[in-house]
Structures are given as structure tokens and as C-alpha cells.
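# A structural walkthrough
Now for the letters of each chain:
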Amino acid sequence: MTEDLSLGARVMALIDDLARHTDEPGRLTRLYLSPAHRAAAEAVAGWMRAAGFQVAIDAAGSVIGRREGRQPGLPALMIGSHIDSVVDAGRYDGPLGVIGGLVAAEAIAARGASLPFALELVAFGDEENVRFPTSLSTSKALAGRYQPEWLDGRDADGVSLREALTRFGGDPDGIAALRRDPAGILGFLEVHIEQGPALQALDQPVGVVSAIAGITRARCTVTGEANHAGTVPMGMRRDALAAAAEMVLAVERLGAAAPAAVATVGALAVTPGAVNVIAGRVDFTLDLRAPDDAVRARLVAEVDDACRAIAARRGVGFTAETFMDNTAVVLDPGLQAALEAAARRHGYAPPRLPSGATHDAAALAAIAPAAMLFVRCKDGISHNPAESITVQDADAATRVLVDTILSLAERQPA
Ligand code: HGY
Ligand code: MN
Ligand code: MN
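First things first, this report covers the structure right here in the doc. Bear in mind that the values here come from a model prediction, so they are computed numbers and not experimental data. (Residues numbered from 1 in each chain as written. Chains lettered and ligands numbered in written order. Predicted model: local features only at pLDDT ≥ 70, side-chain atom pairs only at ≥ 80, totals over all residues. Heavy atoms only, no water.)

A tally of helices and strands in the chain yields eleven helices and 16 strands. Relative to a compact globule of 414 residues, whose C-alpha radius of gyration would be 22 Å, the chain shows 23 Å and is just as compact. Reported as C-alpha extents along the three principal axes, the dimensions of the chain are approximately 80 × 45 × 40 Å. Per-residue burial for the chain yields a buried fraction of 55% across its 414 residues. A separation of at least 24 residues holds for 77% of the contacts in the chain among residues at least 6 apart in sequence. With an accessible surface of roughly 16900 Å², the chain has 55% of that area assigned to carbon and sulfur atoms. Side-chain charges in the chain split into 38 positive and 50 negative, and the spacing between the mean points of these groups amounts to 1 Å. (Helix = DSSP H or I, 4+ residues; strand = E, 2+ residues; numbered from the N terminus. Rg over C-alpha atoms; globule rule 2.2 N^0.38 Å. Buried < 20%, exposed > 50% of the residue type's maximum accessible area, 1.4 Å probe, protein only. Contact = heavy atoms within 4.5 Å. Areas by Shrake-Rupley, 256 points an atom, 1.4 Å probe, with all protein chains shown as cover. Lys, Arg positive; Asp, Glu negative; His and termini not counted. Charge placed at Lys NZ, Arg CZ, Asp CG, Glu CD.)

This is the structure:
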């Protein structure tokens, strides 16, 4: 008998359709509030409406659909993830959780199951925080943790979040009102690719996430003196790039020495960036993470001390502006158990895995029980167009999600 992979096939087809919406022809880049984000949001809204959801794009740019339960106005089980991407991204990071939730909701409606809670599907728009110096802004808006100063942050072209949100059709002044009453949300479930190699090594299609690592991000600037590459003796330079290069290696060394931590300089820009000019300025980003908040705090301090010592020795300036400081989040034990039981009913042996990546679930966990189901991805690759999953694993994850929702419905008082 051939295996029924119909749910997985639909998930893969819709993810492929969504991947068409990019700001950069030839590769997938869909940054928060871009034209591609708007087009993707409208596509997702259309699919949600077709599945019987009342849909709106909220003041912060998230697509939120609601389908009532047995009676109108019941608390909601919220399911979703994000549709913004990094630059030159894979197509599953984020969309798998949005489309998986949509297809699970379609399957539940097809069974004629009436639920003792509403279903809300959500497609957040600023989980990657690549365009603006923000931190899970659209999901934190629902959690009542939106920081107003984010609206004044600017992208690489100098466009403020406020301007971009207004152009997108959002409402900067309406964000505060997005705060949700925790009593209205039973829980938040997010299906997401693992973005690591563990499930492939264990030959399991799905895993249950135990916790999400804490994360600190900062924008750093090294200020030296632009000068002539041919005339300034080596001992008389204030070379911003040589200093920054030493700092990048210090970040790598300190991250490797901190228990279970990671430390990354992902972006670096040199000014003026000419072959015969000693660099006058370097801007670079810091991303420091650890499952233990005390370890992360120590790492942040060590990196800052090291960069300042290098700057002092080389006679250059150094500034660091932290724009993300998320504590580690333990996910809800009850929902973890529900996901695990559903996976076991389907014959899987899902491991419990910590997440080194952050997710919107970390924001929602502030106001509701939150849990995540990881899905195996090839060689653990992510934030890369080589990111891939199989239709079998997409199907497995979606069926586990359906089963989890129905098992929660059985437990919920009618
Ligand atoms: O960077 C992260 O952890 C996530 O992919 N935004
Ligand atoms: Mn993601
Ligand atoms: Mn990501």
C-alpha cells in the first residue's frame, strides 16, 4: 500500500509557491516590510481565508487568521512562525511553521472536527531581525513587549522602521494595542526546521524542543583614521580594519572557550573600502548565544573587554550598541509532552532538543504556554539556499501537529 503523503505534498507545494516572493531575483531574500514580504503576506492571507479563517494583517505587519471553535469567542490555540527570511535564504526556515499550521487546520476541518477552542494561524514578519535593529518585534508586539525605540531604527538605506511600516500598510501607532490578554491564548505551537544535524544523526523526522538559547546581538563600530596606503609607515597607522580583524578573532576564541556558547560576527563593512586607503571605519555585528544566561552574560563582558583592550592598544575608537538581549526560554512541559505523545502515536521516537536558534516561540512564551516541533533538515543546513526537507518529513510533522491539536481538544473542557 503506498504511503499517503498528501499533507506533506501540500505543505511542500505551498512553501514552493511562497518562495517565489523574493526581493532579489535569483535568490530568496524577503526582509521585513519589503515588497516581497507584502506579497507573501497577501498569499498566506488568501490561503488562510480559503481554509475558513477570518484574516487581517495587523499593525506590525503580521498575518493573523482566526477560525472559531464550537462557540465564538473561545480562547485560541495559536499556531505559526515567520515569513521573513535572511539574505539568500532557504525556503523552509519560518514558512514550514506557517504552512504546516495551515495544512493541519485544513485537515482538521476536512474531518469535520469541532474544537473546544478557536484556532489562530499567524505569520510573523520580523523574526530574523536582519533589516532593522529589532528583536522578534512582531511576536513581541502580541506579548506586549514591543520597544517603541525600534520604530526609529534604520535599515542599510537609512529608512526607518516607522516609515517602512507605514508604506507597508501597517500602523506604528497601533502596535501597542496588539498586546494580547494571556487568558485568550491557550498555547502557541511552532513547527520549525531543526537547523542542526541531530535529527538526521538519530534518523528521526521530528524532535521536541526543550528550550531556546538566550541571545545578545550588537552593532559595533571601530573608528581609526583613513590614510594613504603607500605613505604611512606601519607603526604610525590607526587601521580600523586590522583592529576589527583582531576583534573578530577574539570573538571566535572567547566563544569557543565559553561552555555550550556560540559567538559570531556575521556582517562587516569597511569604510571607505578602497585598495589604496587604510580603513578609517569598520562596522560589524555581534551575535552571542548560550543556553545558560550567566554564561552568556560572562561572554558578553569578555568580548567587550577584549575589543576595548585591542582598540586602546591600537589607538582606535570602539563602540557597541546592543539591540537584542533575549533570555533563554524553557518551553512548556505540558505542550512538549503533548507533541511527544503525538509523535510516538505515529511510531516515532522524538528526542528532546535545545534550540540554538531563536524563534517567535521565545516571545510568545512570555504570555502563553509555548512549544516547538523540530523537523529534520538535510545535513542541518539552514540560512542557506541548500536548506531542504523531505516530503515524508513534512507529512510526518503535519500529521503529528494534527494529532497534537486533536489530543489537546480532547483534554480541553468543552
Ligand atoms: O538567528 C536566529 O536564531 C533565527 O534564525 N532568527
Ligand atoms: Mn526561523
Ligand atoms: Mn532563521
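Below, the discussion takes up a nonpolar patch on the surface. Side chains of Leu241, Leu268 and Val270 sit close together on the surface and give an oily, nonpolar patch of about 200 Å² of accessible area. Structurally, the position occupied by Val270 is in strand β10 (residues 268-271). According to the relative accessible area criterion, Val270 is partly exposed, its value standing at 32%. (Patch = residues over 30% accessible without salt bridge, like charges linked within 9 Å, V, L, I, M, F, W, Y side chains within 5 Å. Salt bridge = Lys/Arg side-chain N within 4 Å of Asp/Glu carboxyl O.)

As a further point, take the coordination of the manganese ion (ligand 2). Ideal values for angles at a metal depend on the geometry: 109.5 degrees with four tetrahedral donors, 90 or 180 degrees with six octahedral donors. The coordination sphere of the manganese ion (ligand 2), as far as protein atoms go, consists of His82 (NE2), Asp93 (OD) and His192 (NE2), spread over 2.1 to 2.2 Å. In the primary structure, the donors to the manganese ion (ligand 2) are separated according to the pattern H-x10-D-x98-H. Between the two metal centres, the manganese ion (ligand 2) and the manganese ion (ligand 3), the spacing is 3.5 Å, with Asp93 acting as a shared donor. Separated by 110 residues along the polypeptide, His82 in strand β3 (residues 76-82) and His192 in strand β5 (residues 185-193) bring together distant segments of the chain. Accessibility assignment for this pair places His82 and His192 in one class, buried. (Donors = N, O, S within 2.8 Å, 3.2 Å for Na, K, Ca; no water.)

With distances of 2.1 to 2.7 Å, the protein atoms coordinating the manganese ion (ligand 3) are Asp93 (OD), Glu128 (OE), Glu128 (OE) and His383 (NE2). In primary-sequence terms, the residues that donate to the manganese ion (ligand 3) follow D-x34-E-x254-H. Residue Asp93 is classed as buried on the basis of its relative accessible area of 6%. Exposure remark for Glu128: the relative accessible area of 7% places this residue in the buried category.

Before going further, it helps to examine the site of ligand 1. As a structural note, the neighbourhood of ligand 1 is formed by Glu127, Glu128, Arg217, Arg289, Ala357, Thr358 and His383. The side chain of Glu127 places a nitrogen or oxygen atom 3.0 Å from a nitrogen atom of ligand 1. A total of 210 Å² of accessible area belongs to ligand 1 in isolation, and the protein chains cover 95% of it. More than half of the atoms belonging to ligand 1 lie within 2 Å of the grid points that define the largest pocket. Classifying every residue of the shell around ligand 1 by side-chain character gives one nonpolar, two polar and four charged. (Near = heavy atom within 4 Å. Polar contact = N/O pair within 3.5 Å; in protein donor to acceptor, adjacent residues only side chain to side chain. 1 Å grid on protein atoms, 1.4 Å probe; cavity = no way out; pocket = protein on both sides within 12 Å on 5 of 7 lines; lining within 4 Å. Sits in = over half its atoms within 2 Å of the grid points. Nonpolar A, V, L, I, M, F, W, Y, C, P; charged D, E, K, R; others polar.)

A few words on the pattern of salt bridges. For the structure shown, the criterion picks out 27 salt bridges. Arg399 serves as the salt-bridge partner of Asp4, at 3.4 Å between the closest nitrogen and oxygen. Highlighted residues: Asp4 in the segment before α1 (6-18) and Arg399 in helix α11 (residues 391-411), separated in sequence by 395 residues. Asp4 sits in the partly exposed class, given a relative accessible area of 47%.

The next thing to look at is the side chain of Asp393. Mapped onto the secondary structure, Asp393 falls in helix α11. Each residue touching Asp393, except ones within four places of it in the same chain, is listed here: Pro205, Val375 and Arg376.

Turning next to the packing of aromatic side chains. Enumeration according to the criterion identifies three aromatic pairs in this entry. With 6.3 Å between their ring centres and 55° between their planes, Phe124 and Phe188 make a pair best called tilted. One end of the pair, Phe124, is in strand β4 (residues 118-124); the other, Phe188, is in strand β5, and 64 residues separate them in sequence. Here Phe124 matches Phe188 in class, with each residue buried. Their ring planes at 80° and their centres at 5.1 Å tell us that Tyr146 and Trp150 sit as a pair that is edge-to-face. (Phe/Tyr/Trp six-rings, centres within 6.5 Å; stacked < 30°, edge-to-face > 60°.)

Quick look at the nonpolar core now. In terms of nonpolar packing, the biggest core is built from 59 residues, with Val44, Leu119, Leu189 and Ile405 touching the most fellow members. Once residues within four sequence positions are removed from consideration, Leu189 is found in contact with Leu77, Met78, Ile79, Gly80, Leu335, Leu339, Ala371, Leu401, Thr404 and Leu408. (Core = buried A, V, L, I, M, F, W, Y, C linked by side-chain atoms within 4.5 Å.)

Where α1 contacts helix α3 (residues 95-110), the two axes come as close as 9 Å, and the packing angle between them is 135°. In terms of orientation, α1 lies oblique with respect to α3. Two packed elements cross with a definite hand, and for α1 against α3 that hand is right-handed. Across the interface between the two elements, Leu7, Arg10, Val11, Leu14, Ile15 and Leu18 from α1 touch Pro95, Leu96, Ile99, Gly100, Leu102, Val103, Glu106 and Ala107 from α3. Of the residues that constitute the contact of α1 with α3, the class distribution is eleven nonpolar, one polar and two charged. (Axes fitted to C-alpha atoms, helices over the stretch in contact; angles between N-to-C directions. Parallel < 35°, antiparallel > 145°, perpendicular 65-115°, else oblique. Left-handed = near helix turned anticlockwise from the far one by under 90°.)

This paragraph deals with the pairing of strand β16 (residues 370-375). Most of β16 sits inside the fold, with six of its six residues counted as buried. In β16, alternate side chains face the same way, and those of Ala370, Met372 and Phe374 on one face and Ala371, Leu373 and Val375 on the other are all buried. In terms of strand pairing, β5 meets β16 through six bridges, oriented parallel. Counterpart to Ile193 in the pairing with β16 is Val375. (Pairing = 2+ DSSP bridges.)

Mapped onto the elements, Leu7 comes out in helix α1. We classify Leu7 as buried; its relative accessible area is 15%. Between the C-alpha atoms of Leu7 and Gln392, which are 385 residues apart in sequence, the distance is 9.3 Å. Filtering out sequence-adjacent residues up to four positions away, Leu7 remains in contact with Val103, Ala107, Asp395, Thr398 and Arg399.

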